[in-house]
Structure formats: C-alpha cells, structure tokens
Amino acid sequence: MADGRTIRYYDATPVARVATDRRDLLAAHTTSQARFDPLLGEWVVVASHRQSRTFLPPADLCPLCPSTPGRTTEIPETDYQVAVFDNRFPSLTTTREQLPASAEGAPSTELRDGFGKCEVVCFTSAHDSSFAQLEPGRVRLVMDVWAERSAELGDLDGIGQVFCFENSGPDIGVTLAHPHGQIYAYPFVTPRVAKITGKLADHRKAHGANLFGDILAAERAARLRVVAANAEWTAFVPPFARWPYEVQIYPHRQVPDLPDLDDAQRDAFAELYPDVLRRFARRFPAPMPYVAAWNQAPTLKSGVPRSDWWLHLQLFSIRRAADKLKYLAGSESGMNVFISDTTPEQVAAELREVR
C-alpha cells in the first residue's frame, strides 16, 4: 500500500491483481503500549492514536469499497472477493519502542510497547451485503483466510494468541458499515482464554475428561438449547449464557484452532453459520447487532497448554428485545457479574422458530 502496509487478495479462482495504491499517504503513526494491571493480573492496551480513526462515513465515502476511477480507497482494485490488509489505526503494532520498565509514577504497573498485529478482513466488495448473505462458497473462502492468517500470525515470535472476530451493527460499536472483520495477534494470552485454560486443567484433574467435550456432549444429548446442527457442528445457547442472545458453535471433532479444521469441517461450517446468523437477523424487525468471536487455543510459542483446547465460535448480541439493548451497568461493568434478562432455554426455542 502507499504507506508501506500490506494488502492481500484471496480469490476462489486465480485473478490477476495489478492495481497500485496511488494515494499520497504518510506512514501511519502509532502510540500503542501495554500496561499491566497488578490488581487483576491483566494487560490493558493503550492506543490513543485511534481517536482519529474514520467514524461511520457515508456509503459513497466507504474506505473498504473497491477503488473507482474517481475515488481511491484502502483497496486499490476495482473489485475483490476477500481482501486482508494491515489496519491503518491498529491497536497493536510491530513497531518496537524503548519504554521505561513501568508507567510514570506507578512502579507496580509494568510497561511494554504495544507489539502485535491488527488486520482488517473484508468479506465482500458489496457494501450493502452482510455475512449472513454470503453464499457457502464465499464463507468457505473466508474460513480459509482466517486459517491461513491465524497460522502465519501465530508463528510470529512474541505472539501469544490470534483472535479472529466480526463486530456487526452500529449499536455494537462498528465504525465502518462495510461487511468486514478483524484479526488481532496479541503478545499475550487474553484473560478469557487464560481463565478457561485454567478451568480445563481443573476439570481434567478432577474428572479425567475434557470440559469442552463434556459441555458439547451434554447439549447434543439434551437438545433443549440446540439451535441448529449438522454432521460436523452444533450451535447451541450455553446454559450459562451471559448475553441476551448468545450462541456457541462447536465442531464435533476436537481441534485447537482454525488451521486444524479439515475440509469437511470447513464446508459444514459454511452451511451452518449463515443459517444461525440469519436467525439473528430475523428474530426482531431489524437485524440484531452482534459480535462473532473465534476462541482459538494460545499459540504454540505461548507456552500455555493447548491439549484440551476446543475451537469454538461465540456469537452474541446486546439486543434483549425489539426496542431494548442490554447495557453493561453496575454489576457487569463494576464487578464483572453478568445479570441476564433472558433465559437460555427460551432464547434457543425462539431462535429455532425463526425461518
């Protein structure tokens, strides 16, 4: 790209890509750093340069649409299937800085540079489309992209976890309406994955079994909270759901991460996942805003155990009724104790009925 970033194109069949980014762009300046919270034992990323990022531009100024003769965008080509490029406003960056050992005046708050990678994944060149509208072949192509990028980023020295995700809808915090997701390569293992990894070890020690596998087996047997399933995957509302509408999607065969999915699993997911997304889109008069979060194992270089990890997708929405959103108020934001306004069993029944 014109400022030195990298863009990659992925196509179902070979396409000659010759367009050049002719914009006059200065190299992006980032201020990312990570600060350690000694009370919670967690890293907080500080990225103040992101305050100036593009925010909800009109469709004719969308930076993720293909370039046209009269307007250049982040994607130089006039059309594309799937495109991946380095975020211009990344939360994490490969730029290394020499920083003090701790934050100024706070010796217990360890300080690091904000090392890592942030990539944008555009699922389609069609601005007014959505992931739910993608045909299975395109979903399969996106899955292959997630797997390829996860493998490459996870192999970088210093990366502890790779996170592929999509935010959809302005109510969830989306700043660009074009169908897209992101990939973060963190220099540490995230709090969620670290905590789950510890619980997996506890369950293995107490029961000699895989906690993920036990949860999946119980849901497949009960079928009370199953929303949809096929030969390779089951989508269910977890009995401990935190969000008003939440579905987790597990492969029946244990794999730790996206690169380890075989062809049958990838093809089956490409059929099942859009069906679940369409249920989210049609449950209320307007499509639900959502976050789709792939929970992958820590990287091989992280040093964190991976043997019991079971790849799964967590899909959730903050909408609790047609005209109401779930806000993270005192208990959720202050103490991280979620209070649900819906029941998992009723939500599963509602989603099963959506056509």
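Further up the page is the structure itself.
The structure displayed is predicted, hence computed values, not measured ones.

Cut-off values and rules
Residues numbered from 1 in each chain as written. Predicted model: local features only at pLDDT ≥ 70, side-chain atom pairs only at ≥ 80, totals over all residues. Heavy atoms only, no water. Pairing = 2+ DSSP bridges. Helix = DSSP H or I, 4+ residues; strand = E, 2+ residues; numbered from the N terminus. Axes fitted to C-alpha atoms, helices over the stretch in contact; angles between N-to-C directions. Buried < 20%, exposed > 50% of the residue type's maximum accessible area, 1.4 Å probe, protein only. 1 Å grid on protein atoms, 1.4 Å probe; cavity = no way out; pocket = protein on both sides within 12 Å on 5 of 7 lines; lining within 4 Å. Points joined across faces, edges and corners; volume = space filled by probe spheres on them. Nonpolar A, V, L, I, M, F, W, Y, C, P; charged D, E, K, R; others polar. Salt bridge = Lys/Arg side-chain N within 4 Å of Asp/Glu carboxyl O. Contact = heavy atoms within 4.5 Å.

Draft legend 1. A look at the sheet that holds strand 7 (residues 117-122). Strand order in the open sheet formed by ten strands is 1-4-7-9-8-13-14-12-11-10, and the pairing between neighbours is antiparallel. Each end of this open sheet is capped by a strand with a single partner; those strands are strand 1 (7-10) and strand 10 (226-229). For this sheet the average axis-to-axis angle between neighbouring strands, irrespective of direction, equals 20°. With six bridges connecting them, strand 7 and strand 9 (residues 180-186) associate as antiparallel partners. Counterpart to Val-120 in the pairing with strand 9 is Gln-182.

Draft legend 2. Broad picture of unusual backbone geometry. At Arg-223, a position not held by glycine, the phi torsion is positive, near 60°. Looking at the secondary structure, you find Arg-223 in the loop between helix 3 (211-222) and strand 10. You can call Arg-223 partly exposed: its relative accessible area is 48%. If you check the backbone angles, Asn-336 has positive phi at about 60° while not being a glycine. Considering the arrangement of structural elements, one finds Asn-336 in the loop between helix 5 (330-335) and helix 6 (344-353).

Draft legend 3. How the structure looks around the layout of surface pockets. In this structure, the second largest pocket spans a volume of roughly 450 Å³. The wall of the second largest pocket is formed by 25 residues, among which Ser-130, Ser-168, Gly-169, Pro-287 and Tyr-290 lie closest to the centre. Going through the elements one at a time, strand 8 (161-168) and helix 4 (263-282) are the ones with two or more residues in the lining of the second largest pocket. Grouping the amino acids of the lining of the second largest pocket by side-chain chemistry returns 14 nonpolar, eight polar and three charged.

Draft legend 4. Broad picture of the pattern of salt bridges. Per the counting criterion, the structure on display carries 32 salt bridges. Arg-225 is the partner of Glu-345 in a salt bridge, and the nearest nitrogen-oxygen pair spans 2.8 Å. On the criterion of sequence distance, the pair formed by Glu-345 in helix 6 and Arg-225 in the loop between helix 3 and strand 10 is long-range, its members being 120 residues apart. When salt bridges that share partners are traced, they join Asp-3, Arg-5, Asp-21, Arg-23, Glu-74 and Arg-88 into one network.

Draft legend 5. Molecular detail of the pairing of strand 14 (residues 312-317). Summarising burial for strand 14: six of the six residues are buried, a large majority. Burial along strand 14 is two-sided: the face carrying His-312, Gln-314 and Phe-316 and the face carrying Leu-313, Leu-315 and Ser-317 are both buried. Of the strand pairs in this sheet, strand 12 (residues 245-251) and strand 14 are connected by five bridges, and their pairing is antiparallel. Paired with Val-247 across the strands is Leu-315, a residue of strand 14. In this sheet, strand 14 lies alongside strand 13 (residues 290-295) in antiparallel orientation, the contact comprising five bridges. Paired with Trp-294 across the two strands is Leu-313, which belongs to strand 14.

Draft legend 6. Looking closely at the side chain of Arg-149. Here Arg-149 is to be found in helix 1 (residues 136-154). Residue class for Arg-149 comes out buried when judged on its relative accessible area of 1%. Those residues in contact with Arg-149 that sit more than four places away from it in its chain are Arg-8, Tyr-10, Val-84, Glu-119, Gly-154 and Ile-183.

Draft legend 7. Here's a closer look at empty space enclosed by the protein. Considering all chains together, one arrives at one cavity of 30 Å³ or more under this definition. Of the pockets and cavities examined, the largest cavity occupies roughly 40 Å³. Lining the largest cavity, in full, are Phe-131, Trp-146, Cys-164, Phe-165, Glu-166, Tyr-273, Ala-292, Trp-294 and Leu-313. Top element by residues in the lining of the largest cavity is strand 8. It accounts for three residues. Its residues assigned to classes, the lining of the largest cavity shows eight nonpolar, no polar and one charged.

Purely spatial values, then, with no claim about function.
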